[in-house]
Amino acid sequence: MKGGRGRHCGVSAALKQGQITPTELCQKCLSLIKKTKFLNAYITVSEEVALKQAEESEKRYKKGRSLGDLDGIPIAVKDNFSTSGIETTCASNMLKGYVPPYNATVVQKLLDQGAVLMGKTNLDEFAMGSGSTDGAFGPVKNPWSYSKQYREKRKQKPHGENEDSDWLITGGSSGGSAAAVAAFTCFAALGSDTGGSTRNPAAHCGVVGFKPSYGLVSRHGLIPLVNSMDVPGILTRCVDDAAIVLGMLAGHDPKDSTTIQDPVKPFTLPTLTDVSELCIGIPKEYLAPELSCEVRSFWSKAANLFESEGAKVIEVSLPHTSYSIVCYHVLCTSEVASNMARFDGLEYGHRCDINVSTEAMYAATRREGFNDVVRGRILAGNFFLLKENYENYFIKAQKVRRLIANDFVKVFNSGVDVLLTPTTLQEAAPYLEFIKEDNRTRSAQDDIFTQAVNMAGLPAVSVPVALSNQGLPIGLQFIGRAFCDQQLLKIAKWFEKQVQFPVIQLQELMNDGSSVSEIEKLASVSLKH
Amino acid sequence: MWPLATRLGLRSWLGWRRGFTSKADPQGSGRVTAEVIEHLERLALVDFGSQEAVARLEKAIAFADRLRAVDTDGVEPMESVLEDRCLYLRSDSVVEGNCAEELLQNAHQVVEEYFVAPPGNISLPKQDEQEPFSDN
C-alpha cells in the first residue's frame, strides 16, 4: 500500500516558504497533544515554553534568518534527559518535582537549532523496562490501538465489554517518545537506548528508531542507567529526519569524555540507488523459535528484496548470541546498582521524613522513591558485585561482552556492510497480556535482538516495514559498523523507500478529523517531492 | 514459503533454545540466605520488602548462572567499547560554577549553604531487631 508520505511538502520547507508559521504549527501540535492525552505519552507538556520558543522562531523566519532545518519544529524529549527549568522525573517518585538547573547537551543542541520543546515524554521508571508500563505516571498506550487499520481487523473478533481494556503497549522504555511521534504531536523525539529502548518502541509504534554509535552523541545530562552502553536515541517518522537530527547532535562534547574526538559535520543523507555493491548479513542465531511467523516472513522478504536488487545476502554467525541477554542482565544490574546510589534524598529528589540517622533516611527515601523493578535491579547488581561474586559474575560478564563484541567485529571484517535482523519477536502486545510476566522476564524476552548492539557499541536502526495481519506495525533492524552511522542510515533510507510503510490513520479518534490530516500532510521535516 | 528457515537449518534453533529464558527456570539454588539479604540491604540501602523480591533475586541469579557455560579462558574483560581510544580530559581550569543557590534549591533541607543530613555513623538496626517482611 502506497504511503501518503511521498507527495507532501516537508514542514521545514513549509515554514521557510511561509505556508505555516511556527506558532501555528506549535498550536496544532499542542492541540493534538490535548486530544491524545489518553495515550499518556507526555509527563510534562511545556506549553508556555513551547509557545515562547515558537514566537522567537517566527521572528527569525520573518527576518529571513532561520537557524536551519529544525527551526520552529516541535520536538519532544524523554523524561530522563535534564531540561533546565522543566521538571525531569525519569517517571519515578524519586525525582518527582525535581527541576534540573541545566540542559542535557543534546537538548541544548536542539534548542540552539531553534527546535520547539513540546514536553517531556513518559517512560518506564528510570528507563528500566521494555513496555513503558512501569513508570510512576502510568503506562503509555500505543496510538495504533486506536488506528483505523487495527480497529477494522478487530471488528472481526468479539469485543470485550470495555472497548478500551484491550489497548496495546508501545514497547519501551522510550514508549512516550515513540507514541508522541507516531501520533503526530511532534516531528522528532529523543529517547535513550541501553538495551533497545529506542528501537523496540519504534518497531511497535511504526516509527524510525535510531541508535547512534556509542561515543558519537553526548550523554551529558542523560540520567544514566548503564554508562558503558547508554546512548541518546532518535525517533522520527522517516529516516531522513533521523539523519537531520543526528547531524545536529553528533560530535565531541567536552562535558562527556566518552564522546570521541573525531570531527563530525552535519550531512545531507545521500540517496542510494544501487545496492549491488552491498553485502547484507543475516545472523542465523537470531532465528529464535519465539519469533512470530509474521516477523520471520517480513525478515525473509526483506532479505529477498535486497538480493533481487543485486545485493549480496549471506548468512553469518554471531555464536555468542544466546549468552548476550544474560551478559547484559549482569552488566546492566551491576552498573545500575552503582548509578542509583546517587539518589539519597540529600541534594535533590525525594526525601523521606525520617531523621534518626543518615542510613535510615537513605534507606527509607529509596524505599519510597523507587519502584520494585528498580529496587530489584539494584539488589541483583549489588549481589553480583559482592566480593565473593565479583569474579564469577561481573568480570565473567565483561569477558563475555568482549566475545560478543568480537563476534560483530569478525562479521564486519569479513566484508559484511550491514546486518539485517528483526527488531522484536512480534507486534505490540495487549497491555493485559504483557503484564502477566514480570519486568525482568519481559525485558529478557523483548530485548533479544536489540541488546547485543549496545554491548558492542554499534549503530542500529529500526525501520517500520509493514502491518501485521492484525493491522499493527512490524519493524526490522539494521546494524552497522561502529561510527558508520551515515552509511547505515543510507541503506535504511533505501529500504524505507522500497517498503512504503503506510501512514497511521487516526481520524476516527479525533472529534475533528481535520487537524490530523493537516498534520499528516506535513508528516516529515525534510522536503519530499 | 520460508526460504530463510530452510537455509538456516535446525542446528541453530537447538543452540538457541539452550540459552533462552524459558518458563521452566529453576527457582534458584537457595543462595539468598538471610545473611545475604541483610548484607545486601545494608550495602544497597534498599530493602527487599517481601518474599517475592527474594524469589525474584533468586531467579535473577539463576539466570546469570548461565554464563558459566561460556569458555572465557584467556579473554580479557571489556570495560568499554572505546578501550582503544584515549579519552578526552579537560584542562584543569575553572570555566563555570558559582551556582550554589540554584543547586541548593533542589534540596529539601538546607541551612544557609549547607545540605542538612541526619546524624551519621549510626548503623541500621540488625535484621532480628526489625519487623519481619511486610509488603509495602
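Predicted model, so just to flag it, every value in this text is computed and none were measured. (Residues numbered from 1 in each chain as written. Chains lettered and ligands numbered in written order. Predicted model: local features only at pLDDT ≥ 70, side-chain atom pairs only at ≥ 80, totals over all residues. Heavy atoms only, no water.)

1. Looking at the confidence of the model for chain B
Residue and element names in this part refer to chain B.
(1) Moving on: Overall, the predicted model of chain B reaches an average pLDDT of 77, with 71% of residues at or above 70.
(2) Moving on: The low-confidence segment residues 1-28 (pLDDT under 50) makes 45 contacts with residues lying over four places distant or belonging to another chain.
(3) Moving on: The ipTM, which scores confidence in the relative placement of chains, is 0.87 for this predicted complex, and the corresponding pTM is 0.91. (pLDDT = per-residue confidence, 0-100. Contact = heavy atoms within 4.5 Å.)

2. Section: the confidence of the model for chain A
Low pLDDT marks stretches whose predicted atomic positions should not be read closely.
(1) Moving on: Looking at chain A, the pLDDT average stands at 92 and 93% of residues meet or exceed 70.
(2) Moving on: Every residue in residues 1-8 of chain A is under pLDDT 50, and counting partners more than four places away or in other chains gives 20 contacts.

3. Here we look at the interface of chain B and chain A
(1) Moving on: Contacts between the two partners involve 72 residues from chain B and, on the opposite side, 87 residues from chain A.
(2) Moving on: Across the interface of chain B and chain A, roughly 7,400 Å² is buried in total on both sides, 64% from carbon and sulfur atoms.
(3) Moving on: Scanning the region where chain B abuts chain A turns up six salt bridges.
(4) Moving on: With its nearest N and O atoms 4.0 Å apart, the salt bridge here joins R56 of chain B to D372 of chain A.
(5) Moving on: Of all the secondary-structure elements, those providing two or more residues to the side of chain B that touches chain A are α1 (3-19), α2 (34-44), α3 (51-64) and α4 (100-104) of chain B. (Buried area = accessible area lost by both parts, 1.4 Å probe. Salt bridge = Lys/Arg side-chain N within 4 Å of Asp/Glu carboxyl O. Helix = DSSP H or I, 4+ residues; strand = E, 2+ residues; numbered from the N terminus.)

4. A few points about the UniProt feature "domain: Amidase" (unreviewed entry) in chain A
Residue and element names in this part refer to chain A.
(1) Moving on: On the UniProt side, "domain: Amidase" (unreviewed entry) is annotated at positions that read residues 27-147 and 169-489 here.
(2) Moving on: Overall, residues 27-147 shows 27% helix and 12% strand. The separation of its end C-alpha atoms is 23 Å.
(3) Moving on: Secondary structure content for residues 169-489 is 43% helix and 15% strand, and the end C-alpha separation is 27 Å. (UniProt positions renumbered as here; feature names shortened; annotations may be inferred.)

5. Thoughts on the environment of S31 of chain A
(1) Moving on: As for its position among the elements, S31 of chain A is in helix α2 (residues 22-35).
(2) Moving on: Along the chain, S31 of chain A and T185 of chain A lie 154 residues apart, while their C-alpha atoms are 8.4 Å from each other.

6. Let's talk about the pairing of strand β7 (residues 279-283) of chain A
All names here are of chain A.
(1) Moving on: Within β7, five of the five residues are buried, which leaves the element mostly enclosed by the surrounding structure.
(2) Moving on: Judged by which residues are buried, β7 turns out to be covered on both faces: C279, G281 and P283 on one side and I280 and I282 on the other are all buried.
(3) Moving on: The sheet contact formed by β7 and strand β9 (residues 418-422) spans two bridges and is parallel. Residue pairing for β9: G281 is matched across the bridge by L419. (Buried < 20%, exposed > 50% of the residue type's maximum accessible area, 1.4 Å probe, protein only. Pairing = 2+ DSSP bridges.)

7. Description of the sheet that holds strand β8 (residues 312-316) of chain A
Residues and elements named next belong to chain A.
(1) Moving on: Taking strand neighbours across the sheet as the criterion, the 11 strands line up as β1-β3-β2-β4-β6-β5-β10-β11-β9-β7-β8 in an open arrangement whose pairing is mixed. With one partner strand each, in any of the chains shown, β1 (42-45) and β8 form the two edges of the open sheet. Strand-to-strand twist in this sheet, taken as the mean axis angle between neighbours without regard to direction, amounts to 30°.
(2) Moving on: By the bridge criterion, three bridges tie strand β2 (residues 74-78) to strand β4 (residues 188-193) in an arrangement that is parallel. Among the inter-strand pairings, I75 is bridged to a residue of β4, identified as A188.
(3) Moving on: Helix α3 (residues 47-62) rests against β1 and β3 (116-121) of the sheet, and its axis sits at about 160° to β3. (Axes fitted to C-alpha atoms, helices over the stretch in contact; angles between N-to-C directions.)

8. Details of the nonpolar core
The nonpolar side chains of a soluble globular protein tend to be buried, and buried together.
(1) Moving on: Of all hydrophobic cores here, the largest spans 194 residues; its most connected members are M118, F126, F306, F408, L420 and F478 of chain A.
(2) Moving on: Beyond its immediate stretch of four places on either side in the chain, L420 of chain A contacts I280, G281, I282, P283, W299, A302, A303, F306, L476, Q477 and F478 of chain A.
(3) Moving on: Within the second largest apolar cluster, nine residues are counted, among which are M361 and Y362 of chain A together with L45 and L124 of chain B. (Core = buried A, V, L, I, M, F, W, Y, C linked by side-chain atoms within 4.5 Å.)

9. Comments concerning a negative patch on the surface
All names here are of chain B.
(1) Moving on: Taken together, the side chains of E101, E102, E112 and E113 define an acidic patch exposed on the protein surface.
(2) Moving on: With respect to the helices and strands, the residue E113 is situated in the loop between β1 (110-111) and β2 (114-115).
(3) Moving on: We classify E113 as exposed; its relative accessible area is 61%. (Patch = residues over 30% accessible without salt bridge, like charges linked within 9 Å, V, L, I, M, F, W, Y side chains within 5 Å. Areas by Shrake-Rupley, 256 points an atom, 1.4 Å probe, with all protein chains shown as cover. Lys, Arg positive; Asp, Glu negative; His and termini not counted. Charge placed at Lys NZ, Arg CZ, Asp CG, Glu CD.)

10. Some thoughts on the UniProt feature "active site" (unreviewed entry) in chain A
All names here are of chain A.
(1) Moving on: The residues that UniProt annotates with the feature "active site" (unreviewed entry) are K78, S173 and S197. Look at the named residues: they lie 120 residues apart in sequence, but the longest C-alpha span between them is just 11.0 Å, so in the fold they bunch up.
(2) Moving on: Residue position: S173 is located in the loop between α5 (148-154) and α6 (175-182).
(3) Moving on: What makes S173 buried here is its relative accessible area of 0%.
(4) Moving on: Those residues within four positions of S173 in sequence are excluded, and the remaining contacts are K78, N122, L123, D124, A127, G129, S132 and S197.
(5) Moving on: One can find S197 in the loop between β4 and α7 (199-205).

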